[in-house]
Amino acid sequence: MSFERALWLFPAVVTLHNLEEALWLPRWAAQKRLYTPGSAVFTFAASILALLAFALTWLSFRAGNQSLWAYLVFGYMIAMVANVAFPHLTMSILRRSYMPGLGTGVVLVMPVLSALTARAVHLGFVAGLPAVEAAVLVPLVLASSIPALFALGRALRL
């Protein structure tokens, strides 16, 4: 399968992972007495992040190798791989309870997105220092956007 076609696995995997989280994570967090914005607000934020994955993939497909969009997709894939380790795996161990999202994280996110990021580098989709910068900065921006998405969901009275 060509890299361009395989890249569409990225938003599909993000959507499946976010769906698992949206269905079960708010209740799990409430049971563990962890912060939860509520099911509707969480689903809103997860949906926006999934739509972002599709939009960035389409833009990178249109713009091509080493475009801004390619680096944003690459960074987002790195963020998703890191998300499996923290919080999903870490919290599952610390809480001695399966954290929703770990299953899709281990079965889909880790293998598919690790393979795609390796292929992205190998094929020159991304390269050099900009790839390193994207791998660091995009996960930080995505992580910091989550509280803003929760706030927006609450403001919309979801």
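Whatever comes next refers back to the structure up there.
A. Focus on the overall build of the chain. What the chain contains, in helices and strands, is six helices and zero strands. Secondary structure elements in the chain, listed N-terminal to C-terminal, are α-α-α-α-α-α. Computed over the C-alpha atoms, the radius of gyration of the chain is 16 Å, within 12% of the 15 Å expected from 2.2 N^0.38 for a compact globule of 158 residues. Across its three principal directions, the C-alpha atoms of the chain cover 45 × 35 × 25 Å. Taking as baseline every contact in the chain between residues at least 6 positions apart, the subset at least 24 positions apart corresponds to 79%. Element-wise, carbon and sulfur atoms account for 71% of the exposed surface of the chain, whose accessible area totals about 8,600 Å².

B. How the structure looks around helix 4 (residues 68-95). Spanning 28 residues, helix 4 covers 39 Å between terminal C-alpha atoms, matching the ideal 40 Å at 1.5 Å per step. R96 sits one or two residues past helix 4 and shows a positive phi near 50°.

C. Structural detail: the packing of aromatic side chains. In the structure shown here, the tally under the stated rule is four aromatic pairs. Between F42 and F150, the ring centres sit 6.0 Å apart and the planes meet at 40°, which makes this aromatic pair tilted. With F42 in helix 3 (residues 39-63) and F150 in helix 6 (residues 128-155), this residue pair connects regions lying 108 residues apart in the sequence. An identical accessibility class is assigned to F42 and F150; each is buried. Grouped by ring-pair contacts, the aromatic residues Y35, F42 and F150 constitute a single cluster.

D. Main features of the nonpolar core. Among the nonpolar cores identified, the biggest contains 42 residues, and F10, Y76, L113 and V126 are the most heavily contacted of them. Looking at this core, the elements that each hand over two or more residues are helix 1 (3-6), helix 2 (9-31), helix 3, helix 4, helix 5 (102-122) and helix 6. Element by element, the count of residues in this core is highest for helix 4, at eleven residues. If sequence neighbours within four positions are ignored, V126 has contacts with Q66, A70, Y71, F74, A120, V121 and A131.

Conventions and cut-offs
- Residues numbered from 1 in each chain as written.
- Predicted model: local features only at pLDDT ≥ 70, side-chain atom pairs only at ≥ 80, totals over all residues.
- Heavy atoms only, no water.
- Helix = DSSP H or I, 4+ residues; strand = E, 2+ residues; numbered from the N terminus.
- Rg over C-alpha atoms; globule rule 2.2 N^0.38 Å.
- Contact = heavy atoms within 4.5 Å.
- Areas by Shrake-Rupley, 256 points an atom, 1.4 Å probe, with all protein chains shown as cover.
- Expected span 1.5 Å × (residues − 1).
- Phe/Tyr/Trp six-rings, centres within 6.5 Å; stacked < 30°, edge-to-face > 60°.
- Buried < 20%, exposed > 50% of the residue type's maximum accessible area, 1.4 Å probe, protein only.
- Core = buried A, V, L, I, M, F, W, Y, C linked by side-chain atoms within 4.5 Å.

It is worth stressing that arrangement in space is one thing and function is another; only the former is reported here.
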